[in-house]
Structure formats: C-alpha cells, structure tokens
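If you want the building blocks of each chain, they are given just below.
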Amino acid sequence: MPPGLVLSWVVIAIAVSWAMAPHWFTDYSGTIGLSGQQRLPPSATHFFGTDELGRDMLARIIYGSVHSLSGAFVAVSLGLLAGTLLGLIAGSSRPWIDDLLMRFVDILLSIPPLLLALSIIIVLGFGTINAAIAVGVASVARFARLARAEVIRVRHSDYVEAASGSGGRYLSVLWRHVLPNSLSSVIALAALQFGTAILAIATLGFLGYGAPPPTPEWGLLIAEGRRYISTAWWITFFPGLAIVLVVLATNRISQSLRGRSA
Amino acid sequence: MNGTVAQAVQSLLSIDALTISYEQRGHRHSVVHEVSLSITAGQVVALVGESGSGKSTLAQSLIGLLPDNGRIDSGAIRFNGINIAAWNQRRFDTIRGSKISLVPQDPGVSLNPVRTIGAQVGEIFQLHGLRDRHERDERVLDLLARVGVSDPTLRFSQYPHELSGGLKQRVLIAIAIALRPQLLIADEPTTALDVTVQKRILDLIDDLRREYGTAVLLVTHDLGVAADRADRLVILKSGRVQEQGTTADILSNPRSGYTATLLADAPSLATTILHRPAPPTSDAQPAIIVEDLVREYRDGRSAACFRAVDGISFTVPKGTTHALVGESGSGKTTAVRTLVGFLKPTSGRILVDGLDVASLDGESFRQFRRTIQLVYQNPFASLDPRQTIAEILNEPLLNFEPIERRERKRRVRAILDRVGLPTTALERQPRSLSGGQRQRVAIARALIIEPKIVLLDEAVSALDVTVQAQILTLIEDLQRELGLTYVFVSHDLAVVRQIADTVSVLRQGRIIESGPTATVFSHPAQDYTRELLDAVPGPRHPHPLKLARKVPS
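Residues numbered from 1 in each chain as written. Chains lettered and ligands numbered in written order. Predicted model: local features only at pLDDT ≥ 70, side-chain atom pairs only at ≥ 80, totals over all residues. Heavy atoms only, no water.

(A) The arrangement of the overall build of chain B in detail. Helix and strand content of chain B: 21 helices and 20 strands. Its C-alpha radius of gyration of 26 Å places chain B within 12% of the 24 Å reference for a compact globule of 553 residues. In terms of its C-alpha atoms, chain B occupies a principal-axis envelope of roughly 70 × 55 × 50 Å. Of all 553 residues assigned to chain B, the portion counted as buried reaches 55%. (Helix = DSSP H or I, 4+ residues; strand = E, 2+ residues; numbered from the N terminus. Rg over C-alpha atoms; globule rule 2.2 N^0.38 Å. Buried < 20%, exposed > 50% of the residue type's maximum accessible area, 1.4 Å probe, protein only.)

(B) Main features of the overall build of chain A. Counting secondary structure elements, chain A contains nine helices and zero strands. The secondary structure elements of chain A, listed N-terminal to C-terminal, are α-α-α-α-α-α-α-α-α. Considering only C-alpha atoms, chain A reaches an extent of 75 × 45 × 25 Å along its principal axes. The burial tally for chain A puts 49% of its 262 residues in the buried class. For chain A, the exposed surface amounts to about 12,600 Å²; the carbon and sulfur share of it is 71%. Positive and negative charge centroids in chain A, built from 17 and 12 side chains respectively, lie 5 Å apart. (Areas by Shrake-Rupley, 256 points an atom, 1.4 Å probe, with all protein chains shown as cover. Lys, Arg positive; Asp, Glu negative; His and termini not counted. Charge placed at Lys NZ, Arg CZ, Asp CG, Glu CD.)

(C) Layout of the interface of chain A and chain B. In this assembly, 16 residues from chain A lie in contact with 21 residues from chain B. Of the roughly 1,600 Å² buried where chain A meets chain B, counting both sides, 44% is carbon and sulfur surface. At the boundary of chain A with chain B, the tally comes to two salt bridges. As a salt-bridge pair, E161 of chain A and R337 of chain B come within 2.7 Å of each other at their nearest N and O atoms. At the surface where chain A touches chain B, the tally comes to 11 residue pairs in polar contact (both at pLDDT 80 or more). (Contact = heavy atoms within 4.5 Å. Buried area = accessible area lost by both parts, 1.4 Å probe. Salt bridge = Lys/Arg side-chain N within 4 Å of Asp/Glu carboxyl O. Polar contact = N/O pair within 3.5 Å; in protein donor to acceptor, adjacent residues only side chain to side chain.)

(D) Region of interest: the environment of F238 of chain A. Residues and elements named next belong to chain A. Structurally, F238 is set in helix α9 (residues 234-261). Once the C-alpha coordinates of F238 and V178 are considered, the two residues, 60 residues apart in sequence, prove to be 44 Å apart. Not counting residues up to four positions away in its chain, the partners in contact with F238 are P42, F48, I61 and W233.

(E) Representation of the sheet that holds strand β3 (residues 44-48) of chain B. Residues and elements named next belong to chain B. In space, the six strands of this open sheet follow the order β6-β7-β8-β3-β9-β10, with mixed pairing throughout. Each end of this open sheet is capped by a strand with a single partner; those strands are β6 (100-103) and β10 (240-246). With direction set aside, neighbouring strand axes in the sheet form an average angle of 15°. When strand β7 (residues 183-187) meets strand β8 (residues 215-220), the two strands line up parallel, connected through five bridges. For I185, the partnering residue across the bridge sits in β8 and is L217. Contacting β3, β6, β7, β8 and β9 (232-237), helix α2 (residues 55-62) crosses the sheet at an angle of about 150° to β8. Across the sheet, helix α7 (residues 165-177) touches β6 and β7, and the angle it forms with β6 is around 175°. (Pairing = 2+ DSSP bridges. Axes fitted to C-alpha atoms, helices over the stretch in contact; angles between N-to-C directions.)

(F) Spotlight on the environment of A459 of chain B. Residues and elements named next belong to chain B. Within the secondary structure, A459 sits in the loop between β17 (453-457) and α17 (465-482). Taking the C-alpha atoms as reference, A459 lies 6.3 Å from V375; in sequence the two are 84 residues apart. Once residues within four sequence positions are removed from consideration, A459 is found in contact with V375, Y376, Q377 and Q439.

(G) Here's a closer look at the packing of helix α7 (residues 170-206) of chain A against helix α8 (residues 218-225) of chain A. Residues and elements named next belong to chain A. Relative to each other, α7 and α8 sit at 40°, their axes nearing to 7 Å. Comparing the axis directions of α7 and α8 gives the class oblique. α8 is crossed by α7, and the crossing has right-handed handedness. Here α7 contributes A202, G205 and F206 to the contact with α8, which in turn contributes G219, L220, I222 and A223. Of the residues contributing to the contact of α7 with α8, the split by class is five nonpolar, two polar and no charged. (Parallel < 35°, antiparallel > 145°, perpendicular 65-115°, else oblique. Left-handed = near helix turned anticlockwise from the far one by under 90°. Nonpolar A, V, L, I, M, F, W, Y, C, P; charged D, E, K, R; others polar.)

(H) Looking closely at the pairing of β3 of chain B. All names here are of chain B. The buried fraction of β3 is high, at five of five residues. In this sheet, β9 lies alongside β3 in parallel orientation, the contact comprising four bridges. Bridging from a neighbouring strand, L47 pairs with V234 of β9.

(I) Spotlight on the pattern of salt bridges. Applying the stated criterion across every chain yields a total of 39 salt bridges over all chains. A salt bridge links R103 of chain A to D99 of chain A, with the shortest nitrogen-to-oxygen separation between them at 4.0 Å. Note that R103 of chain A and D99 of chain A are positioned in helix α3 (residues 95-110) at a spacing of four residues, about one turn of the helix. Note that E243 of chain B and R255 of chain B form a salt bridge whose closest N and O atoms lie 3.8 Å from each other. Of the two residues, E243 of chain B is situated in strand β10 and R255 of chain B in the loop between α10 (247-252) and α11 (257-265); the sequence distance between them amounts to 12 residues. R255 of chain B sits in the exposed class, given a relative accessible area of 66%.

(J) Main features of the packing of aromatic side chains. This structure, assessed with the given rule, holds eight aromatic pairs over all chains. Between the aromatic rings of F126 of chain A and Y209 of chain A, the centroid separation amounts to 5.5 Å while the plane-to-plane angle is 10°, which identifies the pairing as stacked. Here the residue F126 of chain A occupies a position in the loop between α4 (113-124) and α5 (128-155), and Y209 of chain A occupies one in the loop between α7 and α8, the gap between them amounting to 83 residues. A relative accessible area of 23% means that Y209 of chain A is categorised as partly exposed. Measuring from centroid to centroid gives 5.9 Å for F365 of chain B and F368 of chain B, while their planes differ by 35°, and the two rings are tilted. A residue pair is termed a helical-turn pair when its members lie 3 or 4 positions apart in one helix, as F365 of chain B and F368 of chain B do in helix α13 (residues 362-368) at three residues. On the basis of relative accessible area, F365 of chain B is assigned to the buried category, the value being 15%. Look at F368 of chain B and you get buried, because its relative accessible area is 1%. Ring pairs connect the aromatic residues F48, W233, W234, F237 and F238 of chain A, which therefore count as one cluster. When the ring centre of Y297 of chain B is taken as reference, the NZ or CZ atom of R295 of chain B above it lies at 4.9 Å. Its end group placed over the ring of F400 of chain B, R370 of chain B keeps NZ or CZ at 4.6 Å from the ring centre. (Phe/Tyr/Trp six-rings, centres within 6.5 Å; stacked < 30°, edge-to-face > 60°. Lys NZ or Arg CZ within 6 Å of the ring centre and 35° of its normal.)

(K) Spotlight on the confidence of the model for chain B. Residue and element names in this part refer to chain B. Predicted confidence across chain B gives a mean pLDDT of 84, with 91% of residues reaching 70 or more. Scored below 50 in pLDDT, residues 1-9 makes four contacts in the model with residues more than four places away or belonging to other chains. Every residue in residues 541-553 is under pLDDT 50, and counting partners more than four places away or in other chains gives 17 contacts. Predicted complex, confidence summary: ipTM 0.75, pTM 0.77. (pLDDT = per-residue confidence, 0-100.)

(L) Representation of a nonpolar patch on the surface in the model. Residue and element names in this part refer to chain A. Side chains of M1, V6, W9, V10 and I14 sit close together on the surface and give an oily, nonpolar patch of about 490 Å² of accessible area. Mapped onto the elements of the fold, V6 is located in helix α1 (residues 3-20). Looking at V6, the relative accessible area reads 35%, which means it is partly exposed. (Patch = residues over 30% accessible without salt bridge, like charges linked within 9 Å, V, L, I, M, F, W, Y side chains within 5 Å.)

Spelled out as structure tokens, the structure:
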C-alpha cells in the first residue's frame, strides 16, 4: 500500500476510535469548562488550547467526532440505499419508468445541495440526525445517476444475457448478477461522498442548522470560535484541521477503491 | 546462431539476443528471451506466435514504442548496421515513418476520429518537411489511389467513421508507405477484418513490397497467413524462438514439436475433417425449422428500418451440425439471437424441437431454455467475473425444479470432468483461467441443464489455434455422446468445414447458398461463396505438407 493510503486509513481509524470511546483519549470533559482557564493557547496541559468557556479543545474535538462521523454515516447510507435502489429500478425497467425517475433525479440535481438540505431541515426540524438525513437526501441524485449508468452497462453484458438464457428469472438475475457487478463504482462514490457529507454536516452546524450548543459538533466549534479568531486562532484552527484531514483521508481511500474496481 | 555477426553486415535489420522485460508491481519479468532474427531488403519475414508469446512486444521495440514499463535488458537491434536498441524517442523520430514504419492492428482505433483522411495522410509529409500544401494534397491523392482506395477525392475529405474497416486499413497502409520506408512492420494487420477483406489487404502489402522493395515483418498468430505470404518464418512461444527458417523448410519439415502442433491445429481447407457425419435418425422431425424469418431494426426516431435478416429459411435435422457463415453484418448473429428468443422476429416462423418460439411467453419461455442453449464468442465477457466456477455451474440447475444438494454437486463435477477441467477449477474465478478454460466453463454451463440444441456463436473465434482445435474436438465429442444438435455460426470457413454437416451462406441478411458442407465447399454455385473460400489462408488441399512446398514468389 502506498504511504499516503496508509496514512489515510490511520486518520480514519483514529477518528473512528475517538467516536467509539472518547473517554480513553482524554481526561477532560467535552462540554464542561474549567473556571480560570479560558482561551489558553496550546500547551502541555491543553494540547489544542481551550475555548472561551475554558473547555479543552482536544476533548471537544474528540467528543465531537461521533457527531460528524455518525452523521456522515447516516447521510451516506441513506444516499447509497435510496440512490442505488432508484438507479437499479430506472436502469432495469421499461423506458417510461426510467424517464420518469430520471427526470425526478434531474430536478433534484438542479437544486443546489446546500439549499436542498436547508429546506429539508426546515421541514424536519433542527438536530444532528435531521441534518444527516437532509444531507443524505441531497446526495440521492448522484448515487441514482451512477447506479443507473452502471446497471445499464452490466445489463447489456454477455454474462447477464447468459444468466437469463440459462433459465434465470428476471429478479434473480438482477439480484445475483446485475446488482453486485454494478456496485463497485457506487461504493467508491460512497467513500467519496463520506467526505462530502462530513463537510456538508459541518457547514450546516456552522450555519446553526445542525446540533444545538453545547454539542461539540465540528462545524459548530468553528462557528463558535470564529469570534475569537484574531486573538485565539486555535479554537477554529484545530476543528478545521480535523475536518480537512478526515475529508482528505476519505477521498484518498475512495480513489483507491475506484482504482481497484476499474 | 554463429552466422549472426556476418549476416548483420548485409541484412537490413538484425536482432541479436534481444531480451525485453516488463515491470509490474515492482517485479520485473522477461517476456522476450534472447531472440535473434534478421531480415534482408525486400524479404517478408513472419513472426508467428499465440497471444502472450511476446510477438507484439518485439515489434514495438523495433520502433521505440515499448510501453513505459517495458525495457530492453540486453541484446542489440541493428538497422542498416546501426544499433538502435538504446536510442531515445528523439532519435527514433528520425527513422520512424521514413525508414521503418508500422501498420497497426486495429484500424478501428488507429485513426484520429476528428480529422479528415486527407489531413491524416498529409501529416506524414508535413512532419517530414513537405511544406507546400498543394503538392502535399497531390501526393496524398496519388497515395490513396495507389493503395486501392476507391474514389480518392471523396475519401480525402471524409472522416474515419465514414469508412469501412478495410478502407481504414488501406489508409493506414498509405500512411505507413508514404515515405517508402525500407522496413514495414505489420502487426496483425488483418485480424480485425473479414476474411475476404483480409485477403485483399495482404495482396496489397505483397504488391507494394514487390514494387518498392520494402522488407516486411509480418506479425501474426495465423500460421496460414504466414505460410501464404512469408519467405521466412520465425516461430515464437513464451518469448523464445522455437524455430526459424524458410517457409518451405518449416512447413515440410518442422523440427520443433511446437511448430508441428501449430501446423496440425491451424484450420485450413486442407486439414482432415474431424466430423463424422451423424447417423440418420429414425426421428423424422427436425430439431430446428426456420421459415421465412425476417428481423428488422428500426432506427430510433425516423421511420427507416434496416433488415438485418431478410427472409431466411433452413432446417436442421436432429443430431447434426448446421453452420451459418458470412462476413460481419451478414445477419448471422441476429439470426441465432432470434432463434434463442433474445430477439423477437419481425415475421416468419421458428420451430425449435416442435415448439413455435413465438407462442412462448413468461414461464413457458423460461422452460424453453432447457431445450436450447447459446455459447458466446467471447469467454472473457460471458462469465460473471464475481462468481466462482462452482457458482456459475450451479446456477442453471438452481433455476429449475429443486435438485438435492448432493446430486447437484455430482452433476457439476461430472460436467466439469466432461469438458476436461480439473475439479480444482471449481473454487477459482474466471479471471484466473485461460481463454480456452473459460470457453470450456461456458460450454459446461450450457450443457449442465441437458439441452438438446446448442447454438455456438463464433465460439472458437477468440481462441488461439491450438486451443481452438481442442475446443472443436470437445464440441465434436459431446455431439457424438449426447446426440446434440448444433447451429454453428462462424466467419471462418476452414473451421466450418471441419465440423458442419450442412451450411448456409449468408450475405446481407439472405441465404445465398446452402446444402451439405462438402458439396457447397467443393462446388460453390455462387461467386460470393467462391470468394469466401478463396480468402481462407493456408494450403487448399489435403496433404498440406507436400503441397505447401511451393516456394512463394
């Protein structure tokens, strides 16, 4: 494995273990501040410094990872499942069903994803999970497009025809041959979309549409720290760094998945 | 070879102990091992080998076109006495096109689709310093006429997609000979073309060689083509020269066992017939009756339609093999796909084993699959890359009424054994099998549900000759043992002659001639059939080794 890819997996592994067991990695609380320790710069006691309420930034980031990761996970799963299903139906049905579904997808694609996500949140209400669902719905169109193209490519291959030629029923051929062979590039997109989803959820958090304070969600951390950016840069810098590293890592992993499927 | 050094002085090109390797995932492995050969001016030397023998790699190295991961490890390539093996791209530019040129394998992808033919042929003159546009166009038109392009002024302003495969190959030859090079490398120049076109292209290369005195290195997998055209043969296997010498010597007296196998396996109109005629069955009803079958393709939005199959009729008695032959576009593939029901006929009637295919739908159609099976041309595309061989073979059984697990296992093993594959193959995936092994798996999958009729759509065309011969023997044996009826679609008349009882010759969707294979092939009634037969490379009569002794002029 190339070193960049190893590093990417290490970054993801750290982020995931933070999300699973945050208390193993820090003794500080993610939400309760220490009096008299406000806005301290990075030091041996507080590696990433503290914020305006005296909360340890490293602890905030560690406790926040679960929000970003689970949010992205929900968003990507939703997009992947709904999008692939839509694409599979469109790619394997009669032309008029295909046309109908794809025009719907075109409409989804024509709305800017952030605007679409904001509208969905306004309907569903605020919160981490709702933000994740909104981001997921906004990504359904991309998955559907790709899945349909793959399904159509695979459906016209000799081995699919041979499978129905040896007596396979329509649905079983779809399930046994078309779906598994269409999935590899869809999965690569999912990995790519994972990074995009983290970014989108952080954006919604930053705009105040995601988790309410004092949840240490990464986007919200940046939003809260931005008031002190000229005097206490570390409050915005480290959450930003965490987002950048995780997104870069997922992109690199996605690239390797795509390379393998090609 | 002791004579190499002495020869190098007079020969145009001499290759001396050339070793070439590729780097893959950090490993270096040699694909050409210490190959030595030489070509003198005006000579045709054929480099013959199966896929993977390193023949294309060798050809690429001669003009500095090895892929980035390829490297010449040792040895020398002397062109006019100068060693060009270590040359960089800039130095190669001085001889590429002017001294050595290449006719590529696939004319379909070798021309730039967005430039006109005139511009692409003119480019070679431009690159080599002919600035005057008017004179350049003049030269291009002359050249196009010389390589037999019909209506050169029209073609001059056309784009590649408006030309047929044969015409494109002529244009590529025009580019290759534009500057009268001393050496022409033709890398499988006719593999992608129909047989009749193939013959014309090879004739053209022959003519040009005689006229200009150009030496030709003909890279081919087809021993028949090589034997017809070359003065000397170099037989390559796994990157090593098995044997080389004059064509007549090698054909009459092959010293290497591999050459002997190649000779025996190469289908030609002279090889002995494998097929024993089927015994007449008491069963009067034929396996397949096709009556006046028409299949049209409608062109998307316009009302225009194209008749791919235009009123064909034939019957296939039980236990016999019927061949459909014709060039690409003759409608033979459309005909078999209609026969298995993947396409609906526009009109006409098809009876398969007494069943009218048009009357079937849904479940009865699914049951109909047990009667008739199709084996595809390309075994790399017809097997699901994600399944294991065991899964591939079990699947057809699972599609019909449940069979007990142990019985299923027994049947899978039996069929695997029957097509000559080891049981260890069961756990493997198609990608770890060779082309021949994959085609065996495809045949096993077709046979496992015990059909009565098997359609073979160019089922051996994608395979190397030795493998092709093995698969043909297998197909023959299976017919004898299981009493199968075959419809064998092929463009290769030499193969058809070996295995078919009856044959229909298709042209532009119509059957122009049909009858018992022996009669049609020995007394063709139509010019087109004669042309197809003439185009088959290799010796034309039995006892090939004796007759092939005639030295090519």
